[in-house]
Amino acid sequence: MMLFDSHCHLSDFKNDDDFESLIEEIRASELRYLMDIGTNLESSRSCVEMAHRYDFCYAAVGFYPSETYDITDADLEELRKLARDPRVVAIGEIGLDYHYEDTDREKQQYWFARQINMAIEEGLPIAIHSREADGDTLRILGECGAFSPERTSRFPKRPDGRPDARVLLHCYSGSAQLARTYQMLGASISLAGPVTFKNARRSVEVAESIDIRNLLIETDAPFLTPVPFRGTRNKPTYVRYTAEKIAEIRGNSYEYVAEQTFINACRFYGIEEPAR
Ligand SMILES: [Zn+2]
């Protein structure tokens, strides 16, 4: 059995006293791969370093929405250099977050578009953070050409014969209907710990109705700890609780959900599947 945590922040743990034991725990678990995702230049650099240090770790680099407020063209070019590292397999997490009152939506949108363009130029998948910004996220992705035939033709087709846009909506919290729109456009959806929460009606609907070939799983650790550990610090190995919950919702076996989401994540990030 192999699991893939398609989005977490392993670098956030690196100064913890128990970091080495966390690494040992990961090695001893079913977790075969994880994606360490950057939120600014410093964390993106750390992700690249982690991905070189640990064989189970790959990196994504990007500026998180609220980290874009005082970046410059030179910062974006620094990010591009990092993106060309062979262990970097995506641009992320990038996107829009309108949750807080003091957000500068215009800046977020500007740098979101610039980073999408960079991902397209570099031929990399895109990992999206979108919170309370459904309409603008979809619109800007479309305007930048993230779903265009020109881009999707660079990636192998999906198992169902449709084009693959290599766009991932991380910790998806939108409606089942919007998830269907994204699927039609060739995007993938990732579900995290909130699907295990009691009030997770929307996530449950998505887990139920989505084509499993478009579904990835993640922890977003150290955030969003799943039940039964809610209230404590999240960690990448807890991705199994999200897989178990999705299996229960769909009426599939845990093994099936683990395997399918593993295959999907490898395909999405362009990582070769390990021999079993
Ligand atoms: Zn994250």
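Residues numbered from 1 in each chain as written. Predicted model: local features only at pLDDT ≥ 70, side-chain atom pairs only at ≥ 80, totals over all residues.

Novice: Where do I start with the overall build of the chain in this structure?
Specialist: When its secondary structure is counted, the chain shows ten helices and eight strands. A burial count over the chain gives 46% of its 276 residues as buried. The contacts of the chain with a sequence gap of at least 6 include a subset with a gap of at least 24, amounting to 69%. (Helix = DSSP H or I, 4+ residues; strand = E, 2+ residues; numbered from the N terminus. Buried ≥ 20, exposed ≤ 12 C-beta atoms within 10 Å, placed from the backbone. Contact = placed C-beta atoms within 7 Å.)

Novice: Before we go on, may I ask you to explain the sheet that holds strand 7 (residues 188-191) in this structure?
Specialist: Each strand in a sheet pairs with another by means of backbone hydrogen bonds, the pair being arranged parallel or else antiparallel. Taken together, eight strands build an open sheet; the order of strands is 1-2-3-4-5-6-7-8 and the sheet is parallel. Bordering the open sheet on either side are strand 1 (3-8) and strand 8 (215-217), each of which pairs with just one other strand. Ignoring strand direction, the axes of neighbouring strands in this sheet form an average angle of 25°. (Pairing = 2+ DSSP bridges. Axes fitted to C-alpha atoms, helices over the stretch in contact; angles between N-to-C directions.)

Novice: For this particular structure, what's the right way to read helix 3 (residues 73-83)?
Specialist: Residues spaced three or four apart along an α-helix point in a common direction, a consequence of the helix completing one turn every 3.6 residues. Among all positions of helix 3, only L79, L82 and A83 are buried. For helix 3, the buried positions fall inside an angular range of 100° around the axis, keeping them on one side. Of the exposed residues in helix 3, those oriented more than 90 degrees away from the buried face are D73, A74, E77 and K81. Buried residues belonging to helix 3 abut helix 2 (41-53), strand 3 (57-61), strand 4 (88-97) and helix 4 (105-122). (Arc of directions from axis to C-beta.)

Novice: Just to check I follow, could you spell out the packing of helix 9 (residues 239-250) against helix 10 (residues 254-269) for this structure?
Specialist: The description of two packed helices rests on the angle between their axes and on the distance between the axes. Direction vectors running N to C along helix 9 and helix 10 enclose 115°, while the axes themselves pass 8 Å from each other. By crossing handedness, the relation of helix 9 to helix 10 is classed as right-handed. From helix 9, A243, E244, I246 and A247 reach across to helix 10, where they touch Y254, Y256, V257, A258 and T261. Broken down by class, the residue content of the contact of helix 9 with helix 10 amounts to seven nonpolar, one polar and one charged. (Left-handed = near helix turned anticlockwise from the far one by under 90°. Nonpolar A, V, L, I, M, F, W, Y, C, P; charged D, E, K, R; others polar.)

Novice: Got a minute to help me understand helix 10 in this structure?
Specialist: Look at helix 10: 22 Å from first C-alpha to last across 16 residues, which is about the 22 Å you get at 1.5 Å a residue. For helix 10, the complete set of buried residues consists of V257, A258, T261, F262, N264, A265, R267, F268 and Y269. Just beyond helix 10, the residue with positive phi is G270, at close to 70°. (Expected span 1.5 Å × (residues − 1).)

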